[in-house]
Amino acid sequence: AVQNFDVVVIGAGGAGFSAAIEAKQAGANVIILEKMPTVGGNTLISGGEMNAPNTWVQQAVGITDDNVELFYEDTMKGGDNVGNPEMVRILAEQALGSAEWLRDEIKVEFIPDQLFQFGGHSRKRALIPVGHTGAELIKKFKAKTDELQIPIKTDMKAEKLLTDANGKVTGVEATSGAGQKITFNASKGVIIASGGFGSNVEMRVKYNPELDDTYMSTDTPGSTGDGIVMAQEINADITNMKNIQTYPICNPKTGVISLVADSRFDGAILINQSGERFVEELERRDVISQAILAQEGRYAYQLWNQGLEEISKTIAAHPDEYEQMIKDGVLYKADTLEDAAKFFNIDPAKLQATIDKVNEYAKTGKDLDFNHRAGLVSLAKGPYFIQKAVPSVHHTMGGLVIDTDTRVLNTEGKVIEGLFAAGEVTGVIHGSNRLGGNAIADIITFGRISGKQIVK
Ligand code: ADP
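Residues numbered from 1 in each chain as written. Predicted model: local features only at pLDDT ≥ 70, side-chain atom pairs only at ≥ 80, totals over all residues. Heavy atoms only, no water.

Caption draft 1: Examining the overall build of the protein chain more closely. What the protein chain contains, in helices and strands, is 15 helices and 18 strands. By the compact-globule yardstick of 23 Å for 456 residues, the protein chain fits well, its C-alpha radius of gyration being 22 Å. With the principal axes as the frame, the protein chain shows a C-alpha extent of 75 × 45 × 40 Å. A sequence separation of at least 24 residues applies to 73% of the contacts in the protein chain between residues at least 6 apart. Taking the average location of the 45 positive side-chain charges in the protein chain and that of its 60 negative ones, the two points are 2 Å from each other. (Helix = DSSP H or I, 4+ residues; strand = E, 2+ residues; numbered from the N terminus. Rg over C-alpha atoms; globule rule 2.2 N^0.38 Å. Contact = heavy atoms within 4.5 Å. Lys, Arg positive; Asp, Glu negative; His and termini not counted. Charge placed at Lys NZ, Arg CZ, Asp CG, Glu CD.)

Laid out in structure tokens, this is it:
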């Protein structure tokens, strides 16, 4: 079977939705192909938080000293200056516009008076969607594509990019869940928005042998790097492939990311089996992950109290995850510190000594052990929450090489006509390490650019 469109988008995550909506609004006849039975990808199961400087929420909570330059610097530095400066500049400059577009055009609801300060950021600048997950984004994106009558074919796996005699991309060959082969012609071109390859162990090991199957993954099963492989078959260039990020605080039974543990951004501490802190809790994900793997047993515990929950509200936001972790025996609510210690066989006196120091540092505002950048919070009062955690594969920084118009480049650095890419499938923005809250900013910003550019 053959179907004809102007634009074919591969992947129904945040990047694909943003691309499709912009292309459609610019007048193109667009279709989205999604290989899974449901839409959303990793965007859906993420926390959904999004960094932008100078937002209405920063204004509401009285943060007046953030700006594009600081966000740019944090992002470059967070990726060890490996990211492409030109692309990071676009991200920093357009993140606010992307956030306002989500709010005004897509009708995404953000919490009006709360922000996260993810690791590596010098300011609190991550907007939080209601519900603290990407479900709010995907729900509203789906409603918008329905309104714009953009067809989404689920259970439709893109397998191969089709090209004409000049090498221009002219469409996609796909296979339906029932095994039917369908050709989707794309007169204006194809946008690859198929996400990363965190769920593809073979591909992980090919580029970074350390990240074998001893690591679980936070990612959806759809994150297998298809778009990278497909584009490479027509000579697309790839970069930064070895840079694979683990998320430090995941469920040791399942590998699933812990969103309940976002209390870390408001002052929850990390301790090891000896009851001692061992890293600054607002360090980068790669640094914290490595620090955890260097502890006895290659795991850590996160500890916080009811007072912090009342600030972060992460248990209130993620009741299902909370209940599941209690059931799995990886999270425990304790009235006293001693109970918390005993549940996980930590020496209660050691833990008490650690907390005494934290309370002291909270008072003076100076963490003399690890220089906590936001300043520690007193954990003198119970009840307490203590949660066991391991790092798990989360984000693949590497991927396709794109230019500032999101055109895919080949191994000679030349544009492949008719081929665009955006989102986690690309590899030029986050360098060695992606900072928290920067994925949503990236996929929305460059997804939108790809949708606008492809119809030009
Ligand atoms: P991003 O954050 O870049 O938008 P996501 O992981 O949120 O990435 O979304 C990528 C989507 O692409 C996922 O829903 C995934 O199932 C889908 N996908 C991956 N490979 C293919 C493929 N070969 N054909 C169609 N869809 C795909």
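Caption draft 2: Main features of the pairing of strand E9 (residues 181-192). Bridge analysis of strand E1 (residues 2-10) against E9 gives 8 bridges, and the strand direction is parallel. Across the sheet, the residue bridging to phenylalanine 5 is alanine 186, located in E9. Relative to E9, strand E8 (residues 169-176) runs antiparallel, the two sharing 5 bridges. Considered in E9, the bridge of glycine 171 is made with asparagine 185. Remark: 4 residues form the turn of the hairpin made by E8 and E9, two consecutive strands paired antiparallel; glycine 179 in that turn has positive phi of roughly 95°. (Pairing = 2+ DSSP bridges.)

Caption draft 3: Representation of the environment of glutamate 417 within the structure. Relative to the helices and strands, glutamate 417 resides in strand E18 (residues 415-421). Taking the C-alpha atoms as reference, glutamate 417 lies 4.7 Å from lysine 168; in sequence the two are 249 residues apart. If sequence neighbours within four positions are ignored, glutamate 417 has contacts with Gly167, Lys168, Val169 and Arg407.

Caption draft 4: Geometry of the nonpolar core. Core analysis: the biggest nonpolar cluster contains 90 residues, and Leu102, Phe141, Leu161, Val190 and Ile192 have the highest contact counts within it. Broken down by element, the residue count for this core peaks at 9 residues, all from helix H5 (residues 85-104). By size, the runner-up hydrophobic cluster in this structure holds 30 residues, among which are Ile315, Leu331, Leu376 and Val390. (Core = buried A, V, L, I, M, F, W, Y, C linked by side-chain atoms within 4.5 Å. Buried < 20%, exposed > 50% of the residue type's maximum accessible area, 1.4 Å probe, protein only.)

Caption draft 5: View of the sheet that holds strand E5 (residues 126-129). Pairing is antiparallel across the open sheet formed by 3 strands, whose spatial order is E3-E5-E4. Edge strands, defined here as strands with exactly one partner in the open sheet, are strand E3 (50-51) and strand E4 (110-116). Taken together, the 3 bridges between E4 and E5 define a ladder with antiparallel strand orientation. Following the sheet pairing, leucine 115 is matched in E5 by leucine 127.

Caption draft 6: Seen up close, the pattern of salt bridges. Applying the stated criterion across every chain, the model contains 22 salt bridges. Its salt-bridge partner being aspartate 66, residue arginine 125 comes within 2.8 Å of it at the nearest N-O pair. In this pair, arginine 125 sits in the loop between E4 and E5 while aspartate 66 sits in the loop between helix H3 (56-61) and helix H4 (68-78), placing the two residues 59 residues apart along the sequence. The exposure classification of arginine 125 matches that of aspartate 66, with both residues buried. Salt-bridge contacts for lysine 157 lead to glutamate 159; the nearest nitrogen and oxygen are separated by 3.8 Å. A relative accessible area of 32% places lysine 157 in the partly exposed class. Taking the relative accessible area as the measure of exposure, glutamate 159 reaches 34% and is therefore partly exposed. What emerges from the salt-bridge pattern is a single network uniting Asp66, Asp74 and Arg125. (Salt bridge = Lys/Arg side-chain N within 4 Å of Asp/Glu carboxyl O.)

Caption draft 7: Molecular detail of unusual backbone geometry. Looking along the chain, the bond that leaves glycine 382 and enters proline 383 is cis, with omega of -5°. Position of proline 383 among the secondary structure elements: in the loop between helix H14 (348-364) and strand E15 (384-396). Positive phi, close to 60°, is recorded for asparagine 81, a residue that is not glycine. Assignment of secondary structure puts asparagine 81 in the loop between H4 and H5. Within the chain, aspartate 155 stands out as a residue other than glycine whose phi angle is a positive 55°.

Caption draft 8: Highlighting the packing of helix H1 (residues 14-25) against helix H15 (residues 438-453). For the pair H1 and H15, interaxial distance at closest approach is 7 Å and the crossing angle is 35°. Where H1 crosses over H15, the two elements pack in a sense that is right-handed. Counting all contacts with H1, which are made through Gly14, Ala15, Ser18, Ala19, Glu22 and Ala23, the residues of H15 involved are Ile443, Ile444, Gly447, Arg448, Ser450, Gly451 and Lys452. (Axes fitted to C-alpha atoms, helices over the stretch in contact; angles between N-to-C directions. Left-handed = near helix turned anticlockwise from the far one by under 90°.)

Caption draft 9: Looking closely at the environment of proline 37. Along the chain, proline 37 turns up in the loop between strand E2 (30-33) and helix H2 (41-45). Separated by 58 residues in the primary sequence, proline 37 and alanine 95 place their C-alpha atoms 30 Å from one another. Beyond its immediate sequence surroundings of up to four residues, proline 37 is in contact with Thr154 and Asp155.

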